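Descriptive structure summary
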Amino acid sequence: MENKFYVTTAIDYVNSEPHIGHAYQKIIADILARYHRQRGREVFFLTGTDEHGQKISNSAKEKKKSPKEFVDEIAPKFENAWKELNITFNKFIRTTNLEHKKKVQEFVRLMHKKGDIYKGTYSGLYCEGCEAYLTEKGLIGGKCPFHPNKKLKALTEEAYFFRLSKYRKKLLELYKKNPNYILPKFRQKEIINRVKGGLKDLNITRLKKNMDWGIEFPIDKNYVLYVWYEALLSYITALGWPDGKFKKFWPANVQLLGIDNGWFHCVIWPAMLMSVGIKLPETILINGFLTFNNKKISKSLGNVIEPLELLKRYNADTIRYFLCRNFVFGQDGDFSEQALIDRHNNELADKLGNLVSRVANLIEKNGFEKTENKLIKKLNVKKIGKLFENYEFDKVLNEIFGFIDICNEYVQNKKPWETKDKKVLYELKEAILRIAEMLWPFIPESSEKIKKQFSAGKIKKGEILFKKIK
């Protein structure tokens, strides 16, 4: 495999504060970044905030602030939340950055030179919740599938268009040639069928007199760029395209995003790159929605679970573990605080914590003696690696905790507190170190504590790793 790994997340819209759905995606990206760092690859991990558009402008007005004042207040909350969750991004891009603006305008000029931008009139439906223009095909019962409570606006205005329709054939060839371009695979069919049904050219501007909070369209100063068009470009502008880190890390290996962003990333984004001759990302990885009491988590529904509020009650490792263990990646999952507590108590505390505590206590009393390690051979490293490469994170953890069960049974069967068998204790020590290594992408803080404890010259029982949550 190549020696670099570039992973990106969706660039979060800052019309409101971060919630657990945002956090889930960033944690998955961090797990991938850590996994590839462990394998000696140079990793670049990008996240950030999307700060232009109608929703931002409206939210700022509600708060009696300028759009810039508003985004300057909200964006750091996203960055801080991810740091508190031990998310090790290399860059946090804000689309209001001057460098991003310059690079976006450069990209537009290139696309214009290629003949892929023209002036026309847009007439159709606009969903302010998505900040997107919708076609009749994309509606469910005449409403936006992601914002059914928001009234669609009928818009008619002069605009500049991207010749998206020109790339229909090339896109279909891409999906056929690279079956892993859109993952999980069950997400492919709907997108491919929509492309087969035909593509309309994309409106990429808004008239300044109607909406002025955006990057100025460089071909005609009466317009600003459509927020989605310029936000997608953050994945290359963050690398310094066309120079800098872009040459080293592009194309992206994995681009993570939510279901509602699928069309933009699987259709519009590759077509934009094709237009100017830039290589395409390898995989667009779509995560499901998290729900709360079976309803989508959203500000409009008033059921937002804020990561920093959760962190006041539970540590970052518990939250990270629960989100990866409890949900099948790619499918929707319902968030339950009781389920989080149960996973913490029954798995992290009773299984992993208990194993670490017992073995450390026995080694402190009896020491250990190096021997052939038959126990560690029961850990199926190849299978875990394959599950990881297939983004089956819940199964990775299931496999690791299956081995933790084997280790706990081994302690019970061998009874080292009676036999004082130092060789058995060596086997267990090495098994625990391997477990810590395998769990590090998921629960880094706890894994580092275990590694430090079991790599010390003199191993001691130490503090309880996972205290029970009442």
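Refer to the structure above for everything that follows.
By convention here, each chain's residues receive numbers from 1 onward along its written sequence. Given that this is a predicted model, residues contribute local features only at a pLDDT of at least 70 and side-chain atom pairs are listed and counted only at 80 or more, while totals for whole chains, interfaces and linings are drawn from all residues. Excluding hydrogens and water, the side-chain figures rest on all heavy atoms present in the structure.

Concerning the overall build of the protein
In DSSP terms, a helix is any run of H or I states spanning at least four residues, a strand is any run of E spanning at least two, and both are numbered starting from the N terminus. What the protein contains, in helices and strands, is 18 helices and 16 strands. For the protein, whose C-alpha radius of gyration is 25 Å, the value lies close to the compact-globule estimate of 23 Å for 470 residues. Judged by the C-alpha coordinates and their principal axes, the protein covers about 85 × 45 × 40 Å. Going through the 470 residues of the protein one by one, you find that 56% of them count as buried. The contact criterion used is simple: two residues touch if any of their non-hydrogen atoms lie within 4.5 Å. Of the contacts made within the protein by residues no fewer than 6 positions apart, 78% connect residues no fewer than 24 positions apart. Just to be clear, the radius of gyration here is over C-alpha atoms, and the globule rule we use is 2.2 Å times residues to the power 0.38. Only protein chains enter the accessibility calculation, which uses a 1.4 Å probe. A residue is then buried if its area is under 20% of the maximum for its type, exposed if over 50%, and partly exposed in between.

Comments concerning the packing of aromatic side chains
A pair of Phe, Tyr and Trp rings is counted when the ring centres sit within 6.5 Å of each other, with Trp represented by its six-membered ring. The angle between the planes then sorts it: under 30 degrees is stacked, over 60 is edge-to-face, the rest tilted. Per the counting criterion, the structure on display carries 25 aromatic pairs. Between Trp250 and Trp269 the ring centres are 6.1 Å apart and the planes differ by 80 degrees, which places this aromatic pair in the edge-to-face class. Of the two residues, Trp250 sits in the loop between helix H9 (246–249) and strand S12 (254–258) while Trp269 sits in helix H10 (residues 262–276), which places them 19 residues apart along the sequence. Pair check on accessibility: Trp250 and Trp269 agree, each one buried. Their ring planes at 75 degrees and their centres at 5.6 Å tell us that Phe322 and Phe327 sit as a pair that is edge-to-face. Of the two residues, Phe322 and Phe327, both sit in the buried class.

With respect to helix H12 (residues 316–326)
Since there are 3.6 residues in each turn of an α-helix, residues three or four apart along the chain are aligned in direction. For H12, a buried count of ten out of eleven residues is recorded, marking the element as mostly surrounded by other parts of the structure. All of the buried residues in H12 are Ala316, Asp317, Thr318, Ile319, Arg320, Tyr321, Phe322, Leu323, Cys324 and Arg325. A 3.5 Å cut-off defines polar contacts: any pair of N or O atoms within that distance qualifies, except that in protein one atom must be a possible hydrogen donor and the other a possible acceptor, and neighbouring residues in sequence count only when both atoms are side-chain atoms. Its side-chain oxygen placed 3.1 Å from the backbone nitrogen of Asp317, Asn315 serves as the N-cap of H12.

Concerning unusual backbone geometry
Put simply, Leu183 and Pro184 share a cis peptide bond, and its omega is -5 degrees. Checked against the element boundaries, Pro184 lands in the loop between strand S8 (182–183) and helix H6 (188–196). Geometrically, the link from Trp241 to Pro242 is a cis peptide bond, its omega value of 0 degrees lying close to zero. Tracing the backbone through its elements, the reader meets Pro242 in the loop between helix H8 (234–237) and H9. The phi dihedral of Tyr391 is positive, around 60 degrees, even though this residue is not glycine. Within the secondary structure, Tyr391 is located in the loop between helix H14 (381–389) and helix H15 (393–414). Of note in this structure, Lys415 is not a glycine but carries a positive phi near 50 degrees. Within the secondary structure layout, Lys415 lies in the loop between H15 and helix H16 (416–419).

Section: helix H13 (residues 337–366)
To estimate how far a helix should extend, the number of its residues minus one is multiplied by 1.5 Å. The end-to-end C-alpha separation of H13 is 40 Å, in line with the 44 Å expected for 30 residues at 1.5 Å each. At Gly353, H13 is deflected by roughly 35 degrees, the largest bend along its length. Residue Ser336 occupies the N-cap position of H13, its side-chain oxygen lying 3.3 Å from the main-chain nitrogen of Gln338. In the stretch just after H13, Gly367 is the one whose phi turns positive, near 75 degrees. At any given residue, the bend is defined as the angle formed between two axes, one fitted to the seven residues that end at that position and one fitted to the seven that begin there.

Concerning the pattern of salt bridges
Note that side chains of opposite charge can pair when their charged atoms are close. Any carboxyl oxygen of Asp or Glu that lies within 4 Å of a side-chain nitrogen of Lys or Arg is treated as forming a salt bridge with it. Under the definition given, this model contains 29 salt bridges. One salt bridge connects Lys248 with Glu42, and the closest N-O pair in it is separated by 2.7 Å. Separated by 206 residues along the polypeptide, Lys248 in helix H9 and Glu42 in strand S3 (residues 42–50) bring together distant segments of the chain. When its relative accessible area of 37% is taken as the criterion, Glu42 is described as partly exposed. Lys429 serves as the salt-bridge partner of Glu430, at 2.5 Å between the closest nitrogen and oxygen. According to the relative accessible area criterion, Glu430 is partly exposed, its value standing at 24%. The exposure class of Lys429 is buried, given its relative accessible area of 8%.

Describing the environment of Lys77
Take Lys77: it is sitting in helix H3 (residues 67–84). The exposure class assigned to Lys77 is partly exposed, which follows from its relative accessible area of 29%. It is 51 Å that separates the C-alpha atoms of Lys77 and Lys414, two residues lying 337 residues apart in sequence. Residue contacts for Lys77: discarding those within four places in its chain leaves Glu17 and Pro18.

What about the packing of helix H5 (residues 168–177) against H6?
Axis definition: a line fitted to C-alpha atoms, limited for helices to the stretch in contact. Angles are taken between N-to-C directions and run from 0 to 180 degrees. Contact geometry of H5 with H6 gives a least axis separation of 10 Å together with a crossing angle of 150 degrees. The angle between H5 and H6 places the two elements in the roughly antiparallel class. The interaxial crossing formed by H5 with H6 has left-handed handedness. The segment H5 lies against H6, with Arg168, Leu171, Leu172 and Tyr175 engaging Ile191, Ile192, Val195 and Lys196. Orientation labels follow simple angle bins: below 35 degrees gives roughly parallel, above 145 gives roughly antiparallel, 65 to 115 gives roughly perpendicular, and whatever is left gives oblique. Left-handed describes a crossing in which the near helix is turned anticlockwise from the far one by less than a right angle; the clockwise case is right-handed.

Remarks on the environment of Pro270
Take Pro270: it is sitting in helix H10. Separated by 100 residues in sequence, Pro270 and Lys170 have C-alpha atoms that sit 9.6 Å apart. Apart from the residues within four sequence positions on either side, Pro270 is in contact with Leu171, Leu174, Tyr181, His265 and Leu280.

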